[in-house]
Amino acid sequence: WGSNGSGQLGDGTSLPRPGPVSLARVSRQLGATRAVKINVIVVDSALDVTRDVPEAGQEAAAAMAHRLTTQDPALLRTIREAFRGATAGVLDPTVQVVTAAQRLESSGSGCLDRRTDEPVQAAARPRQVEAAINVIVVKALICSDTEGETIEGYDSPAPGSLPVVGWIALGNPGALVYDMIHEWGHDAGLLHAGRSDCQDRVALTGCTINEVGDPNSVMSYERTTDAFTVAELHQLGFIREREVVSVRDSTAVEFRVGSGWDVASALLVDRGQPATEGVPSIHEDRVYITGQPGQLEVRFYSLGTQPSSRGTEPPDWSLTTVVWPQPQPGATIYQGSDVTVSYRGSDADGNAILHVTRPHTTTPPATSTASPARAG
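Reading guide: rules and limits
- Residues numbered from 1 in each chain as written.
- Predicted model: local features only at pLDDT ≥ 70, side-chain atom pairs only at ≥ 80, totals over all residues.
- Heavy atoms only, no water.
- Core = buried A, V, L, I, M, F, W, Y, C linked by side-chain atoms within 4.5 Å.
- Buried < 20%, exposed > 50% of the residue type's maximum accessible area, 1.4 Å probe, protein only.
- pLDDT = per-residue confidence, 0-100.
- Contact = heavy atoms within 4.5 Å.
- Helix = DSSP H or I, 4+ residues; strand = E, 2+ residues; numbered from the N terminus.
- Expected span 1.5 Å × (residues − 1).
- Polar contact = N/O pair within 3.5 Å; in protein donor to acceptor, adjacent residues only side chain to side chain.
- Disulfide = S-S within 2.5 Å.

Residues Leu-68, Ile-79, Leu-170, Leu-176, Met-180 and Phe-228 are the most contacted members of the largest nonpolar core, which totals 49 residues. Counting residues in each nonpolar core, the second largest holds 27 residues, with Val-287, Ile-289, Ile-333 and Val-341 among its members.

Right, here's the structure in full:
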């Protein structure tokens, strides 16, 4: 019991607790455990790995490469646990490191061009393992096509290609596993994750992407966490449908969203927007509402229409977030063409109670004490 602003009580919320609360039913498995092999393919090369890299960084990368190729058990365990944690324990991975037989030779630019990376893909392809998570780690700096930057990793645009992590990411284990998970997420079809400031936070209009990123997601624009969000885990197929309840598939009016065993992880709203040419096929019409009474989050696909906080177009399609800190009971937090979602308050277990209004339903007064229906 006590203050809980950063979730330090471990009850799955950030609500203050004036008295003791039970933690026995907070932790849960979001899906059936899947055994999987993580196959790290190291590709050696004669490409320059020193340009704009401090000497200490070069030494750290060389030491990390040695740990990889010698299959240091501590490093492999770090990779394994990072993937396990990122998928909420759904993946039960084993990790192996193999070395490509073919070595990349020097190119005119002295670095790897992510737009024409067939040589590195060809070198790694013979060591690819079917049904495994295959990630290439290449001894090369990766050229960026913007402002001459050097990037740490990428998901190649070529069909059937593998995600690539470059030499600059080998400075420490955290950078290595972050880029492995991030680029694998792109390879699986996930988008970058940012935060949005919107003129209308209810209708999600007039929004601007904050490219600093979403601190709750490994798909963030900046390195903040190794974990996927609930929405991303659902897109990856790691959360069962009953744990992300769709308002269009239910006749219920009220839902509880939170961390407990008997509530939904997220409320899913299909905005009903038809797919258009040039729009990715990754459920661009979906809105996810997650969180707890102290902070609710509305996540939605920006469809590349939001301007950047830097005044430029977003670098990629983005799953962005609008945050509702300390929402008041009765507050509308999302309004679509035929669905309105309002926050009703919290239950005794710290779950958020959400009320859904459709064209043929009415919203009860904010002081309503009706017991919420179970989600799902």
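Past the structure itself, the notes keep going.
Our focus in this paragraph is the confidence of the model for the chain. Per-residue confidence for the chain gives a mean pLDDT of 82, with 82% of residues at or over 70. Here residues 362-376 scores under 50 on pLDDT; set against residues more than four positions off or in separate chains, the count is 26 contacts.

On to helix H4 (residues 173-187), then. For H4, which comprises 15 residues, the first-to-last C-alpha distance of 21 Å matches the rise-based estimate of 21 Å (1.5 Å per residue) to within 8%. Extensive coverage of H4 is indicated by the burial of 12 of its 15 residues. One side-chain oxygen of the residue at the start of H4 lies 3.0 Å from the amide nitrogen of Gly-174, identifying that residue as Asn-172. Phi for Gly-189, located one or two positions after H4, is positive at around 105°.

Next up on the list: the state of the cysteines. By the definition in use, this model includes 2 disulfides. Two residues share a disulfide in this structure: Cys-111 and Cys-143, whose sulfurs sit 1.6 Å from each other. Since a negative S-S torsion denotes a left-handed disulfide, the Cys-111-Cys-143 link at about 70° is right-handed. In this pair, Cys-111 is assigned in the loop between strand E2 (91-99) and strand E3 (112-113) and Cys-143 in strand E5 (residues 142-143), connecting sequence segments 32 residues apart. In this model, Cys-198 is linked to Cys-207 through a disulfide, with the two sulfur atoms separated by 2.1 Å. An S-S torsion of about 105° defines the bridge between Cys-198 and Cys-207 as right-handed. Residue Cys-198 is classed as buried on the basis of its relative accessible area, which comes to 14%. Look at the chain and number its bonded cysteines as they come in the sequence; the links are 1-2, 3-4.

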